[in-house]
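An overview of the molecular structure
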Amino acid sequence: MNLDPALLEILVCPQCRATLFVDDEASELVCNACALAYPVRRDIPVMLVDEARALS
């Protein structure tokens, strides 16, 4: 996964506005506050709550 560091600084969870953490292995941006993981497809974060995966 190859994301621009400047982009990562400004991205927040669209549901709760918390900071996101990068999970390179799963190609996801993870929000620990609301337990959602947003996919990154072709190095583009998909920041839609409907596309997020609930963390178990």
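Everything that follows concerns the structure shown earlier in this document.
Residues numbered from 1 in each chain as written. Predicted model: local features only at pLDDT ≥ 70, side-chain atom pairs only at ≥ 80, totals over all residues. Heavy atoms only, no water.

With respect to the overall build of the protein chain
If you tally the helices and strands in the protein chain, you get 1 helix and 5 strands. Counting helices and strands in the order they occur from the N terminus, the protein chain gives α-β-β-β-β-β. In terms of overall size, the protein chain behaves like a compact globule, its C-alpha atoms giving a radius of gyration of 10 Å where 56 residues would be expected to give roughly 10 Å. In the protein chain, the proportion of contacts linking residues at least 24 apart, taken out of those at least 6 apart, comes to 24%. Counting only carbon and sulfur atoms, one obtains 49% of the accessible surface of the protein chain, whose full area is about 3,900 Å². Separation between the mean location of the 4 positive side-chain charges and that of the 9 negative ones in the protein chain comes to 7 Å. (Helix = DSSP H or I, 4+ residues; strand = E, 2+ residues; numbered from the N terminus. Rg over C-alpha atoms; globule rule 2.2 N^0.38 Å. Contact = heavy atoms within 4.5 Å. Areas by Shrake-Rupley, 256 points an atom, 1.4 Å probe, with all protein chains shown as cover. Lys, Arg positive; Asp, Glu negative; His and termini not counted. Charge placed at Lys NZ, Arg CZ, Asp CG, Glu CD.)

Concerning unusual backbone geometry
One non-glycine residue, R17, adopts positive backbone phi at about 70 degrees. Even without being glycine, S27 reaches a positive phi, approximately 55 degrees. By the secondary structure assignment, S27 is in the loop between strand 1 (21–23) and strand 2 (28–31).

Regarding the pairing of strand 3 (residues 36–41)
The element strand 3 is extensively covered by neighbouring structure, given that 5 of its 6 residues are classed as buried. Both strand 2 and strand 3 contribute to a ladder of 4 bridges, which runs antiparallel. Counterpart to V30 in the pairing with strand 3 is A37. The antiparallel pairing of strand 2 with strand 3 creates a hairpin that spans 4 residues between the two strands, and A35 there sits at a positive phi of about 55 degrees. Where strand 3 lies against strand 5 (residues 53–54), 2 bridges are found, and the strand directions are antiparallel. Each bridged residue has a counterpart across the sheet, and for A37 the counterpart in strand 5 is R53. One ladder, built from 2 bridges, connects strand 3 with strand 4 (residues 44–45); its direction is antiparallel. Across the sheet, residue R41 finds its bridge partner in strand 4, namely I44. Where strand 3 hands over to strand 4, the hairpin turn is made up of 2 residues, of which R42 adopts a positive phi near 55 degrees. (Buried < 20%, exposed > 50% of the residue type's maximum accessible area, 1.4 Å probe, protein only. Pairing = 2+ DSSP bridges.)

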